[in-house]
Amino acid sequence: MLKIRIQGTTNDIKWFLKILERDKRFKTNEPSRPLDIKGSEKYKRVFTEIFKDESEYLEHKRKNEARTRSQYFGSGMSFGYVKSPRDKYKKKTAERQVNEYV
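Note that the coordinates shown come from a computational prediction; the quantities given were computed from them, not determined experimentally.

### Focus: helix H1 (residues 10-22)
Now for step 1: If you check H1, its first and last C-alpha atoms are 19 Å apart, about what 13 residues at 1.5 Å a residue would give, namely 18 Å.
Now for step 2: Within H1, burial applies to Ile13, Leu17 and Leu20. Buried residues in H1, looked at end-on, bunch into an arc of 55°, giving them a common side. Opposite the packed face of H1, turned more than 90 degrees from it, sit the exposed residues Asn11, Lys14, Trp15 and Arg22.
Now for step 3: Each element contacted by the buried residues of H1 is listed here: strand S1 (2-8), strand S2 (27-28) and strand S4 (40-51).

In structure tokens form, the structure reads like this:
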């Protein structure tokens, strides 16, 4: 997998991304939205990933699926939460702090 940054005018970026998508030698991931470049109104930058083949792309997508499911939505609930080994440490630390103040 290659992670690339494409910089240029919005039209040039769209043109180049179309070339990448049409090329059958590799598979491209969904590019980011155009981001501003400091000090320039005309030029933007976009990030994307390129994979050697479809199977590498699907493997990467499967691995990152858990990350996108485990997000905090601001309501106090966490959807798709996966316990990490650090949770035990956090719980013990919180218990110690409570015991110190009691």
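### Some points on the packing of aromatic side chains
Now for step 1: In this structure the tally under the stated criterion is 2 aromatic pairs.
Now for step 2: Note on Trp15 and Phe16: the rings are 6.3 Å apart at their centroids and 50° apart in plane angle, and the pair reads as tilted.
Now for step 3: On the basis of relative accessibility, which here comes to 56%, the residue Trp15 falls in the exposed class.
Now for step 4: Summarising the aromatic geometry, the rings of Phe51 and Tyr57 are spaced 5.4 Å apart at their centres and angled 65° between planes, so their arrangement reads as edge-to-face.
Now for step 5: On the accessibility criterion, Phe51 (2% relative accessible area) is buried.
Now for step 6: The ring of Tyr57 has Lys27 lying over it, and the distance from NZ or CZ to the ring centre is 4.8 Å.

### With respect to the nonpolar core
Now for step 1: Ile6, Ile13, Leu17, Leu20, Val46 and Ile50 form the largest nonpolar core, which has 6 residues in total.
Now for step 2: For this core, the leading source of residues is H1, giving 3 residues.
Now for step 3: Residues contacting Val46, with those up to four places away along its chain left out, are Ile4, Arg5, Ile6, Ile13, Leu17, Pro31, Ser32, Arg33 and Pro34.

### Details of the pairing of S4
Now for step 1: Looking at chain direction, S1 and S4 are connected through 7 bridges and run antiparallel. Counted as the bridge partner of Ile6 is Val46 from S4.
Now for step 2: As judged from the 2 bridges shared by S2 and S4, these two strands associate in the antiparallel manner. Bridge pairing in S4 links Lys27 to Phe51.
Now for step 3: Pairing of strand S3 (residues 35-37) with S4, which is carried by 3 bridges, proceeds in the antiparallel orientation. Looking across to S4, one finds that Asp36 is bridged to Lys44.
Now for step 4: Linkage of S3 to S4, two consecutive antiparallel strands, is achieved through a turn of 2 residues, within which Gly39 is found at a positive phi near 85°.

### Here's the deal with the environment of Leu35
Now for step 1: Inspection of the secondary structure puts Leu35 in strand S3.
Now for step 2: Placed 28 residues apart in sequence, Leu35 and Gln7 show a C-alpha to C-alpha distance of 9.4 Å.
Now for step 3: When sequence neighbours within four positions are dropped, the list of residues in contact with Leu35 reads Lys44, Arg45 and Phe47.

Definitions and cut-offs
Residues numbered from 1 in each chain as written. Predicted model: local features only at pLDDT ≥ 70, side-chain atom pairs only at ≥ 80, totals over all residues. Heavy atoms only, no water. Helix = DSSP H or I, 4+ residues; strand = E, 2+ residues; numbered from the N terminus. Expected span 1.5 Å × (residues − 1). Buried < 20%, exposed > 50% of the residue type's maximum accessible area, 1.4 Å probe, protein only. Arc of directions from axis to C-beta. Contact = heavy atoms within 4.5 Å. Phe/Tyr/Trp six-rings, centres within 6.5 Å; stacked < 30°, edge-to-face > 60°. Lys NZ or Arg CZ within 6 Å of the ring centre and 35° of its normal. Core = buried A, V, L, I, M, F, W, Y, C linked by side-chain atoms within 4.5 Å. Pairing = 2+ DSSP bridges.

These figures come from the coordinates and say nothing about function on their own.
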